[in-house]
Amino acid sequence: MLSFFLILFINIVYFIYQLLTDLLQKYLEKIKNVDIICGVPYTALPIATVLSLKTNIPMVMRRKEAKDYGTKKMIEGVFKKGDNCLIIEDVVTSGSSILETVEDLTAEGIKCSDVVVFLNREQGGAEYLKHNGVNMHSLLNLTDLMRYLKEEGCIDEKTVNKVSDYLHTTQVDHEALSKSLSKDRLYLSFAERAKIAKNPIAAKLFQIMATKQTTLCLAADLTDSTALLNLAEQAGPHICALKTHIDIVDDFHPNLIKPLREIANRHNFILFEDRKFCDIGKTIELQYSKGIYKISTWAQLVTAHALLGKGVLEVIKKSEGLEKRGVFLLAEASCSGTLIDAKYAKSTMKMAEEYPELVAGIVCQSPMFLNQPGLIQLTPGVQIDNKSDDVDQQYNSPEIVVTEKGCDIAVVGRGITKAADAALAAEKYRKILWDAYLQRIKKNHK
Ligand SMILES: O=c1ccn([C@@H]2O[C@H](COP(=O)(O)O)[C@@H](O)[C@H]2O)c(=O)[nH]1
């Protein structure tokens, strides 16, 4: 049975190759300098392979995910910067998979202006590709295919009309698609990103940000539990998250958690424990759920280091009950003298990508992951009045972190906790940060 399908499949691939050769030949006559061929993963790969073998044009292969060993490249094969690549695809609907392939090839310095396609479903893909600088050459379109099938008696007039109606009503909305496919998170609103986020707490946070119009996370680094509750109450209306270092509270008692949760629910903000987990998985499992703090029971978000590997994410994922949780991985630090370097930051990002349902975002200082709008950039080291503290902390202004450093949520601690009126200070930071976000969105929509 299997061999029957394999033979059939190979025959189909070969048949498609024969049909495409004509088209390709015409195309190659027009544009002489095709240096390489690349199939859009995965179904177009066998077609591209056969075309490459038959035409003697070398083929490169695009991976959908980079390997975590070896070259880690997205584009495999022999090529050089400036090569002209002809893209091969089997079926085109919106054209977005082709554009993803173009993006990865372009990132390697390869030029892509044309795609040869077996079937155009005529749902606006050709126009969308044209709009993005890619010319589409198709062998067949769906209307022709319907006509052939009807002439051969395979389908009736009713089916042809049904398909034709379907094509009319399901045309790709170019503008909406450009926006939703734009991987640049700085281009999208928080309301739009709430729909993209894979971690439920990140989605909730985006919704809170959009409805409360705040991107302010308060670092409530106070050592007295009553003062902590008062601060949460005062700043509550202006923040989307309250970040704690619960182990610095001198008079901590588990009874603190209930009123803290009540304030968080009433003012609609997220409780976020900045625990910066960094140990073997088994120890983190205990630190997360046991001891006096029982972080897992109340903190919807926690921070963690990627330094010791995936164990941290595995145990947090395992201990998740009905209530979902989110993790922010630390990829860059705000303080001077940090040992974190670009390679480490990149590896942290890679780890985050492997746990899309658990990782809510990244703690960092620069716009690191523009193409992942579902993740949140959390940036500490934000203050209006100071550039540094008396130890190693370094501050940027709220405007700069949002407009230049890619920050989605800004962490402000002493800028608010040391102010004479914490509520007033929180509102001031909220407004500056929100205005900067609006300015960023406006700028990117021009
Ligand atoms: O790189 C980092 C990571 C975390 N933090 C935390 O943010 C606050 C900052 O407080 P400020 O008073 O605004 O300086 C604090 O809780 C840190 O632990 C950071 O500063 N830098």
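Residues numbered from 1 in each chain as written. Predicted model: local features only at pLDDT ≥ 70, side-chain atom pairs only at ≥ 80, totals over all residues.

Per an unreviewed UniProt entry, the recorded name for the protein is Uridine 5'-monophosphate synthase, and the organism is Acanthoscelides obtectus.

> What's the story with the site of the ligand in this structure? I'm lost.
Near the ligand lie 16 residues; those nearest to it are Ala-333, Ser-334, Pro-380, Gly-413 and Arg-414. Grouping the constituent residues of the shell around the ligand by class yields seven nonpolar, six polar and three charged. (Near = placed C-beta within 6 Å. Nonpolar A, V, L, I, M, F, W, Y, C, P; charged D, E, K, R; others polar.)

> Sorry if this is basic, but what is going on with helix α3 (residues 96-107) here?
Taking 1.5 Å of rise per residue, twelve residues should cover 16 Å, and α3 covers 16 Å from first to last C-alpha, within 8% of that figure. Buried within α3 are the following residues: Ile-98, Leu-99, Thr-101, Val-102 and Leu-105. Mapping the buried residues of α3 onto a view down its axis gives an arc of 155°, with all of them on the same face. A positive phi of about 85° marks Gly-109, the residue just after α3. (Helix = DSSP H or I, 4+ residues; strand = E, 2+ residues; numbered from the N terminus. Expected span 1.5 Å × (residues − 1). Buried ≥ 20, exposed ≤ 12 C-beta atoms within 10 Å, placed from the backbone. Arc of directions from axis to C-beta.)

> Please clarify how the UniProt feature "binding site: substrate" (unreviewed entry) in the protein should be interpreted in this entry.
Per the UniProt annotation, the sites labelled "binding site: substrate" (unreviewed entry) are Asp-221, Lys-243, Ser-334, Gln-393, Gly-413 and Arg-414. Along the chain, the position of Asp-221 falls in the loop between β7 (216-219) and α10 (225-235). Setting aside anything within four residues of it in sequence, one finds Asp-221 in contact with His-245, Ile-248, Gly-413 and Thr-417. (UniProt positions renumbered as here; feature names shortened; annotations may be inferred. Contact = placed C-beta atoms within 7 Å.)

> What exactly am I supposed to notice about the sheet that holds strand β6 (residues 135-141) here?
Within a sheet, neighbouring strands are paired by backbone hydrogen bonds and run either parallel or antiparallel to one another. Judged by pairing direction, the sheet is mixed, and its six strands sit side by side in the order β3-β2-β1-β4-β5-β6 without closing on themselves. With partners counted over all chains shown, the strands left at the sheet margins are β3 (75-76) and β6, one partner each. Inspection of the sheet shows strand β1 (residues 36-39) paired to strand β4 (residues 84-92) by four bridges, in the parallel sense. Looking at β4, one finds that Gly-39 is bridged to Ile-88. The sheet strands contacting helix α5 (residues 142-151) are β5 (111-120) and β6, and the helix crosses β6 at an angle near 10°. (Pairing = 2+ DSSP bridges. Axes fitted to C-alpha atoms, helices over the stretch in contact; angles between N-to-C directions.)

> Which parts of the structure should I look at to understand the packing of α10 against helix α11 (residues 257-267)?
The geometry of a pair of packed helices is captured by two quantities: the angle between their axes and the separation between those axes. In contact at an axis separation of 9 Å, α10 and α11 are set at 5° when each is read in the N-to-C sense. Here α11 runs roughly parallel to α10, going by the angle between their axes. Contacts between α10 and α11 pair Leu-229, Ala-232 and Glu-233 from the former with Pro-259, Leu-260 and Ile-263 from the latter. Of the residues belonging to the contact of α10 with α11, the class tally is five nonpolar, no polar and one charged. (Parallel < 35°, antiparallel > 145°, perpendicular 65-115°, else oblique.)

> I would appreciate a short explanation of the pairing of strand β2 (residues 59-62) in the present structure.
In summary, the side chains of a regular strand alternate between the two faces of the sheet. In the sheet, β1 pairs with β2 via three bridges, with the strands oriented parallel. Bridge assignment links Cys-38 to a residue of β2, and that residue is Val-60. The β-α-β motif built from β1, the intervening helix α2 (residues 45-55) and the parallel element β2 has right-handed crossover chirality. Pairing between β2 and β3: two bridges, direction antiparallel. If you follow Met-61 over to β3, its bridge partner there is Glu-76. (Right-handed = clockwise from strand over helix to strand, strands pointing away.)

> It is not clear to me how the environment of Thr-417 should be interpreted in this structure. Could you clarify?
Relative to the elements of secondary structure, Thr-417 occurs in helix α17 (residues 414-417). For Thr-417, a count of 19 C-beta atoms within 10 Å translates into the label partly exposed. A sequence separation of 189 residues divides Thr-417 from Leu-228, and the C-alpha atoms of the two residues are 9.8 Å apart. Setting aside residues up to four positions removed in sequence, Thr-417 forms contacts with Ala-220, Asp-221, Leu-222, Leu-231 and Ala-422.

> Got a minute to help me understand unusual backbone geometry in this structure?
One can expect most non-glycine residues to show negative phi and most peptide bonds to be in trans. That bond from Pro-41 to Tyr-42 is cis: its omega, 0°, falls within 30 degrees of zero. Its location among the elements puts Tyr-42 in the loop between β1 and α2. Positive phi is not limited to glycine here, since Gln-213 has a value of about 55°. Taking the number of C-beta atoms within 10 Å as the measure of exposure, Gln-213 has 17 and is therefore partly exposed. Positioned with a positive phi, Lys-294 is a non-glycine residue whose angle comes to about 40°. Relative to the elements of secondary structure, Lys-294 occurs in the loop between α12 (281-289) and α13 (295-298). A residue is classified by how many C-beta atoms lie within 10 Å of it, and Lys-294, with 14 of them, is partly exposed.

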